[in-house]
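# Remarks on the overall topology
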Amino acid sequence: MLARAVLLRLADSPGIQRFVRRRGMSAGFARRFVAGETLEETAAAVRALNERGITATVDYLGENVTSRQEAAESAACYCRILDFLDAQRLDSNVSLKLTQLGLDLSDDLACENLRTILERAEQYGNFVRIDMEGSRYTQRTLDLFYRLWPDHKNVGVVIQAYLYRSAADVERLIADSVRVRLCKGAYSEPREVAFQSKRDVDQNFVRLARELLSRGRWPALATHDERMIQAAIAHARAEAIDASRFEFQMLYGIRRERQQGLVREGWRMRVYVPFGTQWYAYMMRRLAERPANLWFVLKNLLRR
Ligand code: FDA
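Notes on the structure in this doc start here. (Residues numbered from 1 in each chain as written. Predicted model: local features only at pLDDT ≥ 70, side-chain atom pairs only at ≥ 80, totals over all residues. Heavy atoms only, no water.)

### Quick word on the site of the ligand
Taken together, 24 residues lie around the ligand, and Lys 184, Gly 185, Thr 223, His 224 and Glu 289 are the ones closest in. With respect to the ligand, the side chain of Arg 181 contributes an N or O atom lying 3.1 Å from a nitrogen atom. Within the side chain of Lys 198, an N or O atom sits 3.0 Å from an oxygen atom of the ligand. Notes on the ligand: free accessible area 930 Å², of which the protein chains cover 85%. Secondary structure elements with two or more residues in the shell around the ligand: strand E4 (155-160), strand E5 (180-183), strand E7 (247-251) and helix H12 (280-289). It is E7 that provides the largest number of residues to the shell around the ligand, a total of three residues. Tallied by class, residues from the shell around the ligand come to ten nonpolar, six polar and eight charged. (Near = heavy atom within 4 Å. Polar contact = N/O pair within 3.5 Å; in protein donor to acceptor, adjacent residues only side chain to side chain. Areas by Shrake-Rupley, 256 points an atom, 1.4 Å probe, with all protein chains shown as cover. Helix = DSSP H or I, 4+ residues; strand = E, 2+ residues; numbered from the N terminus. Nonpolar A, V, L, I, M, F, W, Y, C, P; charged D, E, K, R; others polar.)

### Comments concerning the state of the cysteines
Counting across every chain of the model gives zero disulfides. No disulfide involves Cys 77; its nearest neighbouring cysteine sulfur is the one of Cys 79, lying 9.2 Å away. For Cys 77, a relative accessible area of 8% puts it in the buried group. (Disulfide = S-S within 2.5 Å. Buried < 20%, exposed > 50% of the residue type's maximum accessible area, 1.4 Å probe, protein only.)

### Digging into the packing of aromatic side chains
Within this structure, the stated rule accounts for nine aromatic pairs. Taking the centre distance of 5.7 Å and the plane angle of 40° together, the rings of Phe 246 and Trp 267 count as tilted. With Phe 246 in the loop between helix H10 (226-238) and E7 and Trp 267 in the loop between helix H11 (256-264) and strand E8 (269-275), the pair connects residues that are 21 residues apart, well separated along the chain. Exposure remark for Phe 246: the relative accessible area of 1% places this residue in the buried category. Here Phe 248 and Trp 267 contribute two aromatic rings whose centre-to-centre distance is 6.5 Å and whose plane-to-plane angle is 85°, an arrangement assigned as edge-to-face. On the criterion of sequence distance, the pair formed by Phe 248 in strand E7 and Trp 267 in the loop between H11 and E8 is long-range, its members being 19 residues apart. Owing to a relative accessible area of 1%, Phe 248 belongs among the buried residues under this scheme. Classification of Trp 267 by relative accessible area gives buried; the value is 8%. An aromatic cluster of three or more residues is present, and its members are Tyr 60, Tyr 78 and Phe 275. The positively charged end of Lys 153 is found above the aromatic ring belonging to Trp 149, 4.2 Å away from the centroid. (Phe/Tyr/Trp six-rings, centres within 6.5 Å; stacked < 30°, edge-to-face > 60°. Lys NZ or Arg CZ within 6 Å of the ring centre and 35° of its normal.)

### A short note on helix H9 (residues 198-215)
Spanning 18 residues, H9 covers 26 Å between terminal C-alpha atoms, matching the ideal 26 Å at 1.5 Å per step. Those residues of H9 that sit buried are Val 201, Asp 202, Asn 204, Phe 205, Val 206, Leu 208, Ala 209, Leu 212 and Leu 213. Where the residues of H9 are buried, they touch helix H8 (166-175), E5, strand E6 (220-222) and H10. (Expected span 1.5 Å × (residues − 1). Contact = heavy atoms within 4.5 Å.)

### Comments concerning the packing of H8 against H9
When two helices pack together, their arrangement is given by the angle between the helix axes and the distance between those axes. Their axes nearest at 11 Å, the elements H8 and H9 cross at an angle of 5°. The orientation of H8 with respect to H9, classified from their angle, is roughly parallel. Touching Ser 166, Ala 167, Val 170, Glu 171 and Ile 174 of H8 are Arg 207, Leu 208, Glu 211, Leu 212 and Arg 215, all from H9. For the contact of H8 with H9, the per-class residue count stands at five nonpolar, one polar and four charged. (Axes fitted to C-alpha atoms, helices over the stretch in contact; angles between N-to-C directions. Parallel < 35°, antiparallel > 145°, perpendicular 65-115°, else oblique.)

So, in structure tokens, the structure goes:
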């Protein structure tokens, strides 16, 4: 927990950020978690997954943009990704963050940028997942989602099991037939809003996963935790929930053999494939989840 807090703090340090970013992709360690800096590299990664029976969700890295122009550029990039996925016949949807579309500037701006992306996705019968960011954005993210939901059904949200509020959010989303991705939550959150111990977070994850499996519309269970995976499988078997009614999701580069193993066992697997030059904050969150990966990073950084 301490290592996690320190790494999440370091993620915000401009000096460390400059040092790591200078060496990152060329030193190779970012490549473990990020498909590449270009769409072409990403397409190759998605194709390789599809060939192994795994679907994908492509994430154009970036968050907390500070100008309308950057927000518009992110939206345009997502439209290009959707064009590209369709042209290349790749089995992948997209995941995005609202702060990447201008949420820090205004709700209306993010909403209009998202609407543009949803309309483009509709042309291809594709789907857009809104990632969930830190807790100060939770309500605004759900509100913005509900503004677009009456006109657009090709969009879903993410719920974080570490938040106390999530059980109530899941109930509402189930009642409205919204597609939910359930994850544990990747940010550093205070005890006023979030469970602090792994045991409590895990317990809530299992509880919400069962609700979503039994009553939700095509839920996604996003976890690398074997205990969470086994709990979901046990529940699906006990309730005779067919494998086609939900999917597991994991992050690119994490537990690759297990991703394949779940497909072999007959379950659906989607991998979250991030790409782009803005990989720093994303990578630091991955390290905070598993400080053991830090050795891998340090070795690569210091080797040069
Ligand atoms: P946990 O971190 O408890 O780890 C359990 C076990 O999994 C570990 O013991 C280890 O075996 C393995 N493992 C976990 N992380 C690993 C790593 N980095 N390297 C190697 N092994 C590892 N969060 C968020 O706040 N908003 C979001 O929108 C999303 N979206 C999202 C999409 C997808 C597809 C995934 C898989 C995850 C997210 N997350 C997220 C991140 C999520 O909230 C969480 O931080 C991570 O998935 C880590 O939690 P786990 O459930 O994997 O278990």
